[in-house]
Amino acid sequence: RKTLTIAHVGDTRGAFCKRRRADASCESEELTIDHKPNLPAERRRIEGASPPGRVVFDGHVNYRVFVQHGMYPGLNMSRA
């Protein structure tokens, strides 16, 4: 039996490259999902945490994580 263990934190994505034959090109497969605050499950985790945070769209391209009743720190990643 062969085992592959992976982990990731913050905005680092885990990927795997496999070849069907030694002379074949590499096929990549994403093994993880990014911890982005705009994803529904991650938003629920942030807003349900203790203490809770809140997710706000910055009006440009990012969703940012703030403390519940303040405008700081404004991180555009949720686990770092």
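Rules used in this analysis
- Residues numbered from 1 in each chain as written.
- Predicted model: local features only at pLDDT ≥ 70, side-chain atom pairs only at ≥ 80, totals over all residues.
- Heavy atoms only, no water.
- Helix = DSSP H or I, 4+ residues; strand = E, 2+ residues; numbered from the N terminus.
- Salt bridge = Lys/Arg side-chain N within 4 Å of Asp/Glu carboxyl O.
- Buried < 20%, exposed > 50% of the residue type's maximum accessible area, 1.4 Å probe, protein only.
- Phe/Tyr/Trp six-rings, centres within 6.5 Å; stacked < 30°, edge-to-face > 60°.
- Pairing = 2+ DSSP bridges.
- pLDDT = per-residue confidence, 0-100.

*Asks:* Just give me the short version of unusual backbone geometry, but keep the residues and values in it.
*Replies:* The omega torsion across Ser50 and Pro51 is 0 degrees, close enough to zero to call that bond cis. Omega for the peptide link from Tyr72 to Pro73 comes to -5 degrees, which places this bond in the cis form. Structurally, Pro73 is set in strand E5 (residues 73-75).

*Asks:* So what's going on with the pattern of salt bridges? Which residues, and what values?
*Replies:* Should the charged atoms of two oppositely charged side chains come close, the side chains can pair. Applying the stated criterion to the full structure yields five salt bridges. Residue Lys18 pairs with Glu29 through a salt bridge whose shortest N-O separation is 3.2 Å. Residue Lys18 is found in strand E1 (residues 15-18), and its partner Glu29 is found in strand E2 (residues 27-30); the two are separated by eleven residues along the sequence. Since its relative accessible area comes to 36%, Glu29 is described here as partly exposed. Notably, a salt bridge pairs Asp58 with Arg64, separated by 3.3 Å at the nearest N-O pair. Owing to a relative accessible area of 25%, Asp58 belongs among the partly exposed residues under this scheme.

*Asks:* I'd love a proper account of the packing of aromatic side chains, names of residues and values included.
*Replies:* Within this structure, the stated rule accounts for one aromatic pair. Plain terms: the ring middles of Phe57 and Tyr63 are 5.0 Å apart, the flat faces sit at 50 degrees to each other, and that makes the pair tilted.

*Asks:* Can you explain the pairing of strand E4 (residues 63-67)? Please cite residues and give values.
*Replies:* Pairing of strand E3 (residues 53-57) with E4, which is carried by five bridges, proceeds in the antiparallel orientation. From the neighbouring strand, Phe57 faces E4, where its bridge partner is Tyr63. Connecting the antiparallel pair E3 and E4 is a turn made up of five residues, with Gly59 showing a positive phi of about 85 degrees. In terms of strand pairing, E4 meets E5 through two bridges, oriented antiparallel. Paired with Val65 across the strands is Leu75, a residue of E5.

*Asks:* Just give me the short version of the confidence of the model for the protein chain, but keep the residues and values in it.
*Replies:* For the protein chain, per-residue confidence averages 83 on the pLDDT scale, and residues scoring 70 or more make up 94% of the total. At the level of individual helices and strands, the protein chain shows its lowest average pLDDT in E5, which scores 82, and its highest in helix H1 (residues 40-47), which scores 90.

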